[in-house]
Amino acid sequence: MEPQQSLESLARELAASAPSLGPVRLIGIDGHAGSGKSTFARRLAELLGAPVLHLDDVATHAELFGWEERLRAQVLEPLAAGRPARWAPYDWVERRFGPERVLEPVPVLLVEGVGAGRRALRPRLARLLWMETPREESWQRGRNRDGRELSDFWDGWERAERAHFSNDPSRSFADTLVRQSGTGYEWSSGTRATAGTATSVTGRDDLPRA
């Protein structure tokens, strides 16, 4: 298999899905913090020629998961009506919202972040992908990435994420499970994907070897 062949087929499949938010095909990429969502979303976005909305830009220190209404009013409702969305990303260093940005109603929009598959957002999604990285492994990767100076933040984040997924789980509603390997990505899609049984479609994306 040629490198990226399968990931390109997944991208084509997503692009061919029915619009779910006005003219937009909204693709959710959920998973635990540190599971590799941003990297996977970036690679998929390059193939789709699509923008990525990071939920880290919507959340705040005070509202790690309380961003639902802000996302609805600033992004979802305008796009659903075929209008540009106007929103202001949060600056985690300055602890305030930054300059306004404009997001056009493009054919495909990826929304990635913890909670991208929450119940309030699922009816708006064309597809929901879940990064299949174990929670403890994901969190350790996140801590290693951010360093010891953010240890206190991670302590609070882990408590908040546990509470979020306990109240509003999304993995069981995913259409596709994505696993990262040493050479690329593997995924399984279908009605029984999250049950760990046989699925209707499987794919693999091998990165070029050095």
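All figures in this text were calculated on a predicted structure; none of them were measured in a lab. (Residues numbered from 1 in each chain as written. Predicted model: local features only at pLDDT ≥ 70, side-chain atom pairs only at ≥ 80, totals over all residues. Heavy atoms only, no water.)

If you had to explain the overall build of the chain to someone new, which residues and values would you point to?
Helix and strand counts for the chain come out as five helices and 11 strands. Out of the 210 residues in the chain, the part that is buried amounts to 44%. Contacts spanning at least 24 positions in sequence make up 66% of the contacts within the chain whose residues lie at least 6 apart. Summing over all exposed atoms, the chain offers an accessible surface of approximately 10,600 Å²; the carbon and sulfur share of this is 48%. (Helix = DSSP H or I, 4+ residues; strand = E, 2+ residues; numbered from the N terminus. Buried < 20%, exposed > 50% of the residue type's maximum accessible area, 1.4 Å probe, protein only. Contact = heavy atoms within 4.5 Å. Areas by Shrake-Rupley, 256 points an atom, 1.4 Å probe, with all protein chains shown as cover.)

Summarise the packing of aromatic side chains; cite the residues concerned and give the values.
Per the stated rule, a full pass over the model turns up seven aromatic pairs. With 5.5 Å between their ring centres and 70 degrees between their planes, Trp130 and Phe165 make a pair best called edge-to-face. With Trp130 in strand β8 (residues 127-131) and Phe165 in helix α5 (residues 151-167), this residue pair connects regions lying 35 residues apart in the sequence. A single burial state applies to Trp130 and to Phe165, both of which are buried. Here a set of aromatic residues connected by ring pairs shows up, and it is made of Phe65, Tyr90, Trp92, Phe97, Phe153 and Trp157. Between the NZ or CZ atom of Arg118 and the centre of the ring of Trp67, over which it lies, the distance is 4.4 Å. Sitting above the plane of the Phe173 ring, Arg122 keeps its charged end 3.7 Å from the centroid. (Phe/Tyr/Trp six-rings, centres within 6.5 Å; stacked < 30°, edge-to-face > 60°. Lys NZ or Arg CZ within 6 Å of the ring centre and 35° of its normal.)

Can you tell me about the nonpolar core, naming the residues and giving the values?
Membership of the largest hydrophobic core comes to 32 residues, with the highest contact counts inside it found for Leu26, Leu53, Leu71, Val75, Leu79 and Trp157. Listed by contribution, the elements that provide at least two residues to this core are α3 (68-80), β3 (85-87), β7 (108-112), β8 and α5. Among the elements that line this core, the one with the most residues is α3, at four residues. Core analysis: the second largest hydrophobic core is formed by 19 residues, Leu10, Leu14, Leu44 and Tyr185 among them. (Core = buried A, V, L, I, M, F, W, Y, C linked by side-chain atoms within 4.5 Å.)

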